[in-house]
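Results of the structural survey
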Amino acid sequence: MRPSPGDLLVIDGRASVQFAGDRALTLRVVSVCDRPTYSGWVWLTGYVINRAGRATAKREVYVQLTGLRPATSTSAPKRSSAARPYDSRNDQGDGRAARNRSGLRARADAR
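Just so we're clear, the structure is a prediction, and the values are computed from it rather than from any experiment. (Residues numbered from 1 in each chain as written. Predicted model: local features only at pLDDT ≥ 70, side-chain atom pairs only at ≥ 80, totals over all residues. Heavy atoms only, no water.)

**Focus: the confidence of the model for the chain**
Note the cut-off: On a range of 0 to 100, pLDDT expresses the predictor's confidence in each residue. Throughout, a contact is declared for two residues whenever any of their heavy atoms are within 4.5 Å.
The pLDDT averaged across the chain works out to 80; a share of 65% of its residues lies at or above 70. Contacts from residues 76-81, a stretch scored under 50 in pLDDT, to residues over four places away or in other chains number 7 contacts.

**Concerning the pattern of salt bridges**
Any two side chains of opposite charge can pair, so long as their charged atoms come close to each other. Here is the rule we go by: What counts as a salt bridge is simple: a side-chain nitrogen of Lys or Arg found within 4 Å of a carboxyl oxygen of Asp or Glu. Each residue is assigned to one of three classes by its accessible area relative to the maximum for its type, calculated with a 1.4 Å probe on protein chains only: buried under 20%, partly exposed between the two thresholds, exposed over 50%. Note on conventions: DSSP H or I runs of at least 4 residues are helices, E runs of at least 2 residues are strands, and numbering of each starts at the N terminus.
Tallied over the entire structure, the rule returns 4 salt bridges. Ionic pairing is found between arginine 14 and aspartate 12, a salt bridge with its closest N-O pair at 3.6 Å. Taking the relative accessible area as the measure of exposure, aspartate 12 reaches 10% and is therefore buried. Put simply, arginine 35 and glutamate 60 hold a salt bridge, and the shortest N to O gap is 3.4 Å. Of the two residues, arginine 35 sits in the loop between β2 (25-32) and β3 (41-49) while glutamate 60 sits in strand β4 (residues 55-64), which places them 25 residues apart along the sequence.

**Considerations on the pairing of strand β1 (residues 8-11)**
Definition in use: A pair of strands is labelled paired if DSSP reports no fewer than 2 bridges between them.
Every second residue of β1 is oriented toward a common face, with Leu8 and Val10 on one face and Leu9 and Ile11 on the other, all of them buried. The pairing of β1 with β2 spans 4 bridges and is classified as antiparallel. Its bridge partner being in β2, isoleucine 11 is matched across the sheet by leucine 25. Inspection of the sheet shows β1 paired to strand β5 (residues 69-70) by 2 bridges, in the antiparallel sense. When the sheet's bridge partners are listed, valine 10 is paired in β5 with arginine 69.

**Looking at the nonpolar core**
Put simply, the rule is: Nonpolar core, defined: a set of buried Ala, Val, Leu, Ile, Met, Phe, Trp, Tyr and Cys residues in which side-chain atoms within 4.5 Å join the residues together.
Core analysis: the largest hydrophobic core is formed by 15 residues, its most contacted members being Ile11, Leu27, Leu44, Val63 and Leu68. When residues of this core are traced back to their parent elements, those giving at least two are β1, β2, β3 and β4. A total of 4 residues in this core trace back to one element, the largest contributor, which is β2.

Here is the structure:
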């Protein structure tokens, strides 16, 4: 199986000994390098995905194609309480509500 951008893969000891045991990771593939390598090996660039489904680091890995496995889908990232729609926090995306809360607007009007 040759990976494609967008694939979610488990990279563990089957793909390369450097990812054995607790060094295994889940990788969202961004690109697959066309550089010539040893037969059956490939360079992948992607983002390490944590258990919450969030990208934590960009990595380039050299792995065996036969050791790659599709990952079971991770849960979608949950929205934090700070990530609410604009209208629920009286802000239309222009930052005025944040400036009003911080008192910057009051200082600017005093000039």
